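Listed below are the residues making up each chain.
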Amino acid sequence: MDSTNDLIIDSLKEEPIGETNHFIWFITDIGIVALFKKDENFETYSSNIEIEANKIALDISKEEKEYLKIKEKQLFLFYS
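Please read these numbers as outputs of a predicted model, since none were measured by experiment.

Enquirer: Would you mind showing me how to read the overall build of the chain here?
Expert: Counting secondary structure elements, the chain contains two helices and five strands. Element order for the chain, N to C, with α for helix and β for strand: α-β-β-β-α-β-β. The globule rule puts the C-alpha radius of gyration for 80 residues at 12 Å, and the 12 Å found for the chain is close to it. Principal axes of the C-alpha set define a box for the chain whose edges measure 30 × 25 × 25 Å. Out of the 80 residues belonging to the chain, those deemed buried represent 39%.

If you want it as C-alpha cells, here you go:
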C-alpha cells in the first residue's frame, strides 16, 4: 500500500466531522474524505455527494474528486 492510502486509512480512525445519509465525513492531511456507509451503486453515491456535503456545511463544488477503494472501503477524496 502506498503512503497516501496509509494516511487516509489512519484518518478514518479519528473522530468524523459529520455524517449524512450515505457518507461518514473525515478530515485528512490531504483533503476531505466521504466514506461510503454501505456497498451500494456508485452512481447513487456520486449523484448525492454535493447535496449531502451541504447538509454538514461543506462546500466541495470547487474541489477535485477522486474515487478510491482501500482495504474494502469505498470513498471519495476531495482535494484542491
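Enquirer: I tried to follow the packing of aromatic side chains on my own but got confused; where do I start?
Expert: A ring pair, where both rings are aromatic, is described by two values, the distance of the centres and the angle of the planes. The tally for this structure, following the rule as stated, stands at eight aromatic pairs. With centroids separated by 6.3 Å and ring planes inclined at 50 degrees, the aromatic side chains of Phe 23 and Phe 76 adopt a geometry described as tilted. With Phe 23 in strand β2 (residues 23-27) and Phe 76 in strand β5 (residues 73-79), the pair connects residues that are 53 residues apart, well separated along the chain. Relative accessible area serves as the criterion here: at 0%, Phe 23 is assigned to the buried category. Taking the centre distance of 5.2 Å and the plane angle of 50 degrees together, the rings of Phe 36 and Phe 76 count as tilted. Of this pair, Phe 36 sits in strand β3 (residues 32-36) while Phe 76 sits in strand β5, placing them 40 residues apart in sequence. A relative accessible area of 6% means that Phe 36 is categorised as buried. In textbook terms, an aromatic cluster arises when at least three aromatic residues are bridged by ring pairs, as seen for Phe 23, Trp 25, Phe 36, Tyr 67, Phe 76 and Phe 78. Against the face of Phe 76 rests Lys 65, its NZ or CZ located 4.8 Å from the ring centre.

The rules behind the values
- Residues numbered from 1 in each chain as written.
- Predicted model: local features only at pLDDT ≥ 70, side-chain atom pairs only at ≥ 80, totals over all residues.
- Heavy atoms only, no water.
- Helix = DSSP H or I, 4+ residues; strand = E, 2+ residues; numbered from the N terminus.
- Rg over C-alpha atoms; globule rule 2.2 N^0.38 Å.
- Buried < 20%, exposed > 50% of the residue type's maximum accessible area, 1.4 Å probe, protein only.
- Phe/Tyr/Trp six-rings, centres within 6.5 Å; stacked < 30°, edge-to-face > 60°.
- Lys NZ or Arg CZ within 6 Å of the ring centre and 35° of its normal.

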